[in-house]
Amino acid sequence: MILSGYIHNNEHWLSRLDGRVKLVVTLIILVMVLSYKGLAFHLLVTSICLFLFIQMKIPWRVFLLRFSEPALIVLVILFLKIFFSSGEGLFSVDIMGIRITAYREGLAEGVSIANRIIAAISIMAVMVFSTPFAELLAALSWLRIPKAFIEILMYAYRYIFVLIEDAGVIYDAQKNRLGYTALNRRFSSFGILVGSLILKAFEHSQNITVAMVQRGYDGDIPLFDQKPFNLSEVVVSFLFVLSMGVVWVI
Amino acid sequence: MEVLRKVGMRDSIIKIILVSLVYCGTVLSTDIAYAMHISEGILPFSWAAFWFILAIPFVAYGLYSLNKRSREDMSFKPLAGLMAAVVFIISCMPVPVPFAGTCSHPCGTGISGILVGPAISVVITAVALLIQAILLAHGGLSTLGADIVSMGVMGSFTGYFTFRILRAVRMNLAVAGFMAGLLADWATYLTTSVELASGIKGESAFLPLFWKVLVAFIPTQLPLGILEGAITAGMVILLYKKRPDLLIKMRVIKPGDIKMEKQGMTALIISVFMIGTILSASIPAEAAKWSGVDEAVIEKVAKEHGREAREPLINMEQGDLPLFLFLIAGAVGGFAAGYYWRSLIVEKKPLCHSEKRSDEESKISPDGRNDITHRSS
């Protein structure tokens, strides 16, 4: 599994921008994208994001990995909307005696939804590629997301990689002992793998608690200190959001 | 492959055909394979906001419960974080679904619902979904509310309550785990269908689109639900065998429940029976309207040859005869089930020699004194 998150590129101005500013701008643009009915705004957002991807030198492989799943969803939605709507027929195809008709209204709706998905995915990708996860957590904490939620998020993010490694070791051991060879064995091997992961999770949680208690843990982790905002960053971001808002209204 | 080779096709062409077939199968059922997490941007703002508003009280209650539990047990927050990591990994694992020719993934929320309770499981799922949305574009920030409702709320609560109800009627761990995993998975996909259909319906009617999305889910989700049930059962049994203390700590079983539970064929038969009942109940009413071979073929041919069908001697379609028979069947069945209830549900304790002796020894004598005491005196 490839976790295609933050792409380290300190030279790019977007990577140096405050995480809180980026998060707020992303959320505002996301709301605009979701509530816009038309194509122009979505195309504009997608084009800006594409320009930023190229400028940030995002590797093609990472880019494709990030967009492959949404692309498949876009295809399915286009297929559903075009062939399972009603209204004026666009064209018909005979496949093995079954007549399938494409509809004009369905195509229009499908393209609109597809555009919305691509624009929303792109704006999220820009934020994720340019912001380290810890900075995102700090920004979420600044947005008054409950402390317990942030703590769980931190533990989960820390231990995903450890558990993936554990899962790999268990999987290899199972394969070496002829696990996953037949369908029923596949079921039982997978069940044991998941059960073992949960056991590992229990063990890790006990160990980490003991280790933290020895270092003064009292049930709460102190969260991030927020540095003051850079005024120029805030002003430029505000102007950008304002200009996007004008396009959205038009 | 051999047949195609005999026809004279080259290996490369056969491979291309096979890959195309697999690809078509995958693309035509991608909404199944990936739609558990509704992708970023699919839902319009109004629907995205609606699902967020619906999810917030559950997450808030989950956080309240989490804080309460972590005050009692300091290791609970790290445990919840690690459970979120496990749910993240489980719901990223591509599992080949043999009947659909594609890959899909289990939810894992049934498991977490059973282990940490449904309210905290909602928080765990929300965390796993947020990380997936950020790192993998699997789901999205705008669709987080909808995903929390389908996977977190529906999956966790269905899994938890199924497990609890089945355990309350003294069903063994394997069956309860299996049914919890199965129903949690299917409940998740049912909700996802509602969310997807309402999000993409546009000007068209909701119900026809909902049925189309639901039917599109069936080829993958039906077997995957069974697979998730098997995984959940396997996981519960593994924990029971290896670390029953953890199940007691997580309040999944009571200390008194520590005894060898019968698994195997009984569990399988009961599970298959329950799945059959659920599936037969879910057959659409329209299916009943389809004429059978009697009406469509035999009666038609007989009529053509001048042999009209006569009125049946006992006409089941008139009067309350079916209802009467149903009542009798219910009374007899109810009596039998009631009479043999204990032998069906309560497991016989294997009495080993030492237990038998200790039972005899601990008998209370008629004067109220223990036999041993009585003997020694």
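Numbering of residues begins from 1 in every chain and follows the order in which that chain's sequence is written. Naming scheme: in the order in which they are written, chains are lettered from A and ligands are numbered from 1. Two thresholds apply to this predicted model, a pLDDT of at least 70 for residue-level local features and 80 or more for giving and counting side-chain atom pairs, whereas whole-chain, interface and lining totals are computed over all residues.

1. Some thoughts on the overall build of chain A
Consideration 1: The number of helices and strands found in chain A is nine helices and two strands.
Consideration 2: A compact globule built from 250 residues would reach a C-alpha radius of gyration of about 18 Å, whereas chain A, at 24 Å, exceeds it by more than 25%.
Consideration 3: Projected onto the principal axes, the alpha-carbon positions of chain A cover approximately 70 × 60 × 30 Å.
Consideration 4: We call a residue exposed when 12 or fewer other C-beta atoms sit within 10 Å of its C-beta, buried when the count reaches 20 or more, and partly exposed for counts in between; the C-beta positions come from the backbone. Counting the 250 residues in chain A, one finds 33% classified as buried.
Consideration 5: A fraction of 74% describes how many contacts in chain A between residues 6 or more apart in sequence connect residues 24 or more apart. Only DSSP runs of H or I reaching four residues or more are called helices, and only runs of E reaching two or more are called strands; each is numbered from the N terminus. Only C-alpha atoms enter the radius of gyration; for comparison, a globular chain is expected to reach 2.2 Å times N to the power 0.38, where N is the number of residues. Two residues form a contact once the distance between their C-beta atoms, set from the backbone, is within 7 Å.

2. Concerning the overall build of chain B
Consideration 1: Per the secondary structure count, chain B includes 18 helices and two strands.
Consideration 2: Across the 377 residues that make up chain B, the buried fraction comes to 42%.
Consideration 3: Looking at chain B alone, contacts between residues at least 24 apart form 74% of all its contacts between residues at least 6 apart.

3. A word on the interface of chain A and chain B
Consideration 1: Counting residues at the interface gives 66 residues for chain A, matched by 61 residues for chain B.
Consideration 2: Residue assignment for the side of chain A that touches chain B shows that the elements contributing at least two residues are α2 (19-35), α4 (60-83), α5 (104-130), α7 (147-176) and α8 (183-214) of chain A.
Consideration 3: Amino acids are sorted into nonpolar (Ala, Val, Leu, Ile, Met, Phe, Trp, Tyr, Cys and Pro), charged (Asp, Glu, Lys and Arg) and polar (every other residue, Gly among them). By residue class, the composition of the side of chain A that touches chain B is 48 nonpolar, 13 polar and five charged.

4. Details of the environment of L242 of chain A
Residues and elements named next belong to chain A.
Consideration 1: Within the element layout of this structure, L242 appears in helix α9 (residues 231-249).
Consideration 2: We classify L242 as exposed; it has 9 C-beta atoms within 10 Å.
Consideration 3: Once the C-alpha coordinates of L242 and K37 are considered, the two residues, 205 residues apart in sequence, prove to be 19 Å apart.

5. Considerations on the packing of α8 of chain A against helix α10 (residues 206-242) of chain B
Consideration 1: To get an axis, a line is fitted to the C-alpha atoms, and for a helix only the part in contact is used. The angle between two axes follows their N-to-C directions and goes from 0 to 180 degrees. Viewed as axis vectors pointing N to C, α8 of chain A and α10 of chain B meet at an angle of 50°, and their least axial separation amounts to 8 Å. One finds that α8 of chain A runs oblique with respect to α10 of chain B. Taken as a pair, α8 of chain A and α10 of chain B cross one another with a handedness that is right-handed. On α10 of chain B, the residues that touch F187, S188, F190, G191, I192, V194, G195, I198 and L199 of chain A of α8 of chain A are L227, A230, I231, A233, G234, M235, L238, L239 and K242 of chain B.
Consideration 2: Residue composition of the contact of α8 of chain A with α10 of chain B, grouped by class: 13 nonpolar, four polar and one charged. For classification purposes, angles smaller than 35 degrees are called roughly parallel, those larger than 145 roughly antiparallel, those between 65 and 115 roughly perpendicular, and all remaining angles oblique. Left-handed describes a crossing whose near helix is turned anticlockwise from the far helix through less than a right angle; right-handed describes the clockwise counterpart.

6. Description of the domain arrangement of chain A
Consideration 1: Domain borders in the structure are assigned automatically or taken from a domain database. Segmentation of chain A into domains returns domain 1 (13-132 + 227-249) and domain 2 (146-214).
Consideration 2: Put simply, the middle of domain 1 of chain A and the middle of domain 2 of chain A, counted by C-alpha atoms, are 35 Å apart.

7. Quick notes on the pairing of strand β1 (residues 89-95) of chain A
All names here are of chain A.
Consideration 1: Burial within β1 is sparse, with just zero of its seven residues counted as buried.
Consideration 2: Looking at chain direction, β1 and strand β2 (residues 98-103) are connected through six bridges and run antiparallel. If you follow S92 over to β2, its bridge partner there is T101.
Consideration 3: Connecting β1 to the next strand, β2, in antiparallel fashion are two residues, including M96 with a positive phi near 50°. The pairing criterion for strands is at least two bridges between them, as found by DSSP.

8. With respect to unusual backbone geometry
Consideration 1: For L178 of chain A, which is not glycine, the phi torsion reads 65° and is therefore positive.
Consideration 2: Its place among the elements puts L178 of chain A in the loop between α7 and α8.
Consideration 3: For L178 of chain A, a count of 10 C-beta atoms within 10 Å puts it in the exposed group.
Consideration 4: Of note, R170 of chain B is a non-glycine position whose phi angle comes to about 60°, a positive value.
Consideration 5: The topology assignment puts R170 of chain B in the loop between α8 (144-168) and α9 (173-200).
Consideration 6: Exposure remark for R170 of chain B: the 12 C-beta atoms within 10 Å place this residue in the exposed category.

9. Let's talk about the packing of helix α4 (residues 45-72) of chain B against helix α7 (residues 118-136) of chain B
Residue and element names in this part refer to chain B.
Consideration 1: At a minimum axis separation of 7 Å, α4 and α7 run at an interaxial angle of 110°. The pairing of α4 with α7 is recorded here as roughly perpendicular in orientation. Seen from α4, the contacting residues are F58, V59, Y61, G62, L63, S65, L66 and R69; seen from α7, they are A119, I120, V122, V123 and A126.
Consideration 2: The class makeup of the residues in the contact of α4 with α7 is 10 nonpolar, two polar and one charged.

10. Concerning α9 of chain B
Residues and elements named next belong to chain B.
Consideration 1: For a helix, the expected span equals 1.5 Å multiplied by the residue count minus one. A rise of 1.5 Å per residue sets the reference length of α9, with its 28 residues, at 40 Å; its end C-alpha atoms lie 40 Å apart and thus fit the reference within 8%.
Consideration 2: Counting buried residues in α9 gives 25 out of 28 residues, a clear majority hidden from the surface.
Consideration 3: Trailing α9 by a residue or two, G202 shows a phi angle of about 60°, which is positive.

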